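Understanding the architecture of this molecule
This is what each chain is made of:
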Amino acid sequence: MRAEVLLSADEIEQTLSFGPWPPSFHSDPSNRVSNNARAIALGEALFNDPVLSVDGAFSCASCHDPEQAFTTPEARALGRVLLDRNTPSLQNLAGLRWYGWGGKSDNLWAASLHPIIEEQEMAHNADSLKTAISESTYIDEFEVLFGDIQVQDSELVLVNIAKTLSAYLETLATDQTQFDAFRDALENQDLAAAVSYPEAAQRGLQLFIGRGNCVLCHNGPRFSNNEFHDAGVPYFLNETEVDEGRFGGLNFLLSSPYTLDGNWNDDPNRQGAWAVRNVRRNHSDFGTFRTPSLRGVSETAPYMHNGSLSDLNAVIRHYSKIDTERLHADGEAILSELNLSEQEIADLVAFLVTLSKELY
Ligand code: HEC
Ligand code: HEC
């Protein structure tokens with residue numbers, strides 16, 4: 001049988017909306033060392049160095065391993081204690097509106113700052129961090145970028161360090177994948193190139209934008225609307241406690257000094273600060289989590305905010321048999337039992353796998 005493009009004109013139109021990839025880079029106006037080569041290099045070195053934890057116990061890379069797509073295979077992250085959540089990959093984070101599973105940060109330097117001072121993670125405070133940096137081999141680079149450390153308030157040192165980490169993380173974009181080659185071939189009407197995309201993946205893509213309705217939340221070039229939803233993953237931590245998800249994220253965000261509306265934003269125009277100014281907590285935010293990007297997804301098992309699903313097959317089976325009784329948040333009428341066949345499950349997985357670099 002001859003290979004062919006199975007998609008209809010409408011489906012091709014929708015497929016184009018998942019690109020182009022990679023997106024163009026815009027430096028972050030809230031971070032004055034964004035896109036600064038020295039800051040990126042310092043951020044990368046610090047990311048891999050246990051100096052950022054108070055007792056030298058671990059580095060950012062201990063959980064976000066650069067060799068493993070910036071995550072680790074444990075279901076839930078192991079800090080000083082076992083944390084409640086799965087470690088997300090740190091790729092393709094530049095320019096998002098919200099960070100973290102519950103969206104507790106509205107910018108990337110704040111999302112990089114919190115783990116340094118979080119009790120259960122690196123457990124520094126601003127003073128101990130300032131001392132550690134002053135005594136480290138990084139002091140010269142730090143002072144080239146930010147000036148004399150001794151005249152800086154320790155909170156400023158903390159923010160400056162976080163901004164170098166953020167400058168580094170902004171550079172972690174994933175490459176074109178087999179899917180992007182297909183998408184670009186469709187755009188260029190290059191049929192010969194398009195037909196090399198596996199038919200199973202094409203059928204999976206048809207389900208993704210069609211009957212599966214995945215595209216309602218996983219859309220755009222990152223395959224995420226970057227908003228918060230209940231995807232039917234149980235959010236009980238034990239018999240009495242729940243993971244509050246977005247509700248807890250908003251509580252944190254609204255009392256944080258490190259938002260785009262706070263004093264540490266370097267952008268005089270406060271671009272993007274409208275979002276934190278306008279969010280309100282609603283009961284329906286309980287147990288909702290940020291839609292994850294699906295780029296590189298086959299490299300980041302296990303899945304979901306608590307790492308409870310071990311592979312992509314399990315994720316598709318979860319959606320296929322979703323327990324709609326358990327969906328508690330308002331407005332999640334989007335999700336319903338799909339009752340996929342074995343063939344359809346395999347096709348959806350085949351599609352998702354083409355969103356990762358490996359196959360290219
Ligand atoms: C103990 C393991 C652990 C360590 C150490 C750690 N992280 Fe994380 N990281 C996590 C987990 C778990 C999350 C998800 C947290 C949440 O959303 O509640 C996360 C989330 C993030 C996010 C948000 C990602 C997104 O998709 O929005 C960023 C950015 C980040 N970490 C950067 C860092 C940096 C920088 C360091 C070092 C200063 C660091 N992390 C250290 C486990 C860790
Ligand atoms: C209502 C919005 C919504 C729809 C529709 C939806 N998802 Fe999701 N998806 C999410 C959210 C939110 C999460 C994270 C849920 C959690 O951790 O509790 C998620 C998680 C995932 C993950 C795990 C990613 C990771 O890194 O952990 C995959 C894979 C996935 N979805 C694929 C799909 C597919 C395939 C479909 C269609 C069958 C689909 N999604 C439909 C919102 C949605």
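The structure this text deals with has already been given above.
Below is a summary of the structure that appears in this document. The written sequence of each chain sets the order in which its residues are numbered from 1. Each chain takes a letter, starting from A, and each ligand takes a number, starting from 1, following the order in which they are written. pLDDT decides what is reported in this predicted model: residues at 70 or higher carry local features, side-chain atom pairs at 80 or more are listed and counted, and totals for whole chains, interfaces and linings draw on all residues regardless. Note that the side-chain values use all heavy atoms of the structure and ignore hydrogens as well as water.

1. Concerning the overall build of the protein chain
What counts, and what does not: A run of H or I in DSSP counts as a helix once it spans at least four residues, and a run of E counts as a strand once it spans at least two, with each numbered from the N terminus. Only C-alpha atoms enter the radius of gyration; for comparison, a globular chain is expected to reach 2.2 Å times N to the power 0.38, where N is the number of residues. Only protein chains enter the area calculation, which uses a 1.4 Å probe; residues under 20% of their type maximum are buried, those over 50% are exposed, and those in between are partly exposed. Methods summary: accessible areas were calculated by the Shrake-Rupley approach with a probe of 1.4 Å, and residue burial reflects only the protein chains presented. Counted charges follow a simple rule, with Lys and Arg positive, Asp and Glu negative, and His plus the chain ends left uncounted. To locate a charge, the coordinates of NZ of Lys, CZ of Arg, CG of Asp or CD of Glu are taken.
A tally of helices and strands in the protein chain yields 14 helices and two strands. At 21 Å, the protein chain has a C-alpha radius of gyration in line with the 21 Å of a compact globule built from 360 residues. In the protein chain, buried positions account for 49% of the 360 residues. Of the roughly 16,700 Å² of accessible surface on the protein chain, a fraction of 50% belongs to carbon and sulfur atoms. For the protein chain, the centre of its 25 positive side-chain charges and the centre of its 52 negative side-chain charges are spaced 3 Å apart.

2. As for the environment of T240
For T240, the position within the fold is in the loop between β1 (228–229) and α11 (246–254). Separated by 59 residues in sequence, T240 and E299 have C-alpha atoms that sit 33 Å apart.

3. Structural notes on the site of ligand 2
The following threshold applies: A molecule or strand has a residue near it when one of that residue's heavy atoms lies within 4 Å. Whenever a nitrogen or oxygen atom comes within 3.5 Å of another N or O atom, the pair is scored as a polar contact, on the condition that within protein one atom can donate a hydrogen and the other can accept it, and that pairs from neighbouring residues in sequence are kept only if both atoms are in side chains. In this classification, Asp, Glu, Lys and Arg are treated as charged, Ala, Val, Leu, Ile, Met, Phe, Trp, Tyr, Cys and Pro as nonpolar, and every other residue, Gly included, as polar.
Near ligand 2 lie 24 residues; those nearest to it are C214, C217, H218, H305 and Y319. At a separation of 2.6 Å, an oxygen atom of ligand 2 approaches a polar backbone atom of H305. If one sorts the elements of the shell around ligand 2 by residue count, helix α13 (residues 312–320) sits on top with four residues. Grouping the amino acids of the shell around ligand 2 by side-chain chemistry returns 17 nonpolar, six polar and one charged.

4. Quick notes on the side chain of R183
Inspection of the secondary structure puts R183 in helix α8 (residues 178–187). Polar side-chain contacts of R183 include one of 2.9 Å to the backbone oxygen of L16.

5. A look at the pattern of salt bridges
Heads up, the condition is: We define a salt bridge as a side-chain nitrogen of Lys or Arg found within 4 Å of a carboxyl oxygen belonging to Asp or Glu.
Under the definition given, this model contains 15 salt bridges. Residue R277 pairs with D261 through a salt bridge whose shortest N-O separation is 3.0 Å. Of this pair, R277 sits in helix α12 (residues 273–278) while D261 sits in the loop between α11 and α12, and the two are 16 residues apart along the sequence. Residue D261 is classed as partly exposed on the basis of its relative accessible area, which comes to 35%. Sharing partners across several salt bridges, the network here consists of R32, K163 and D266.

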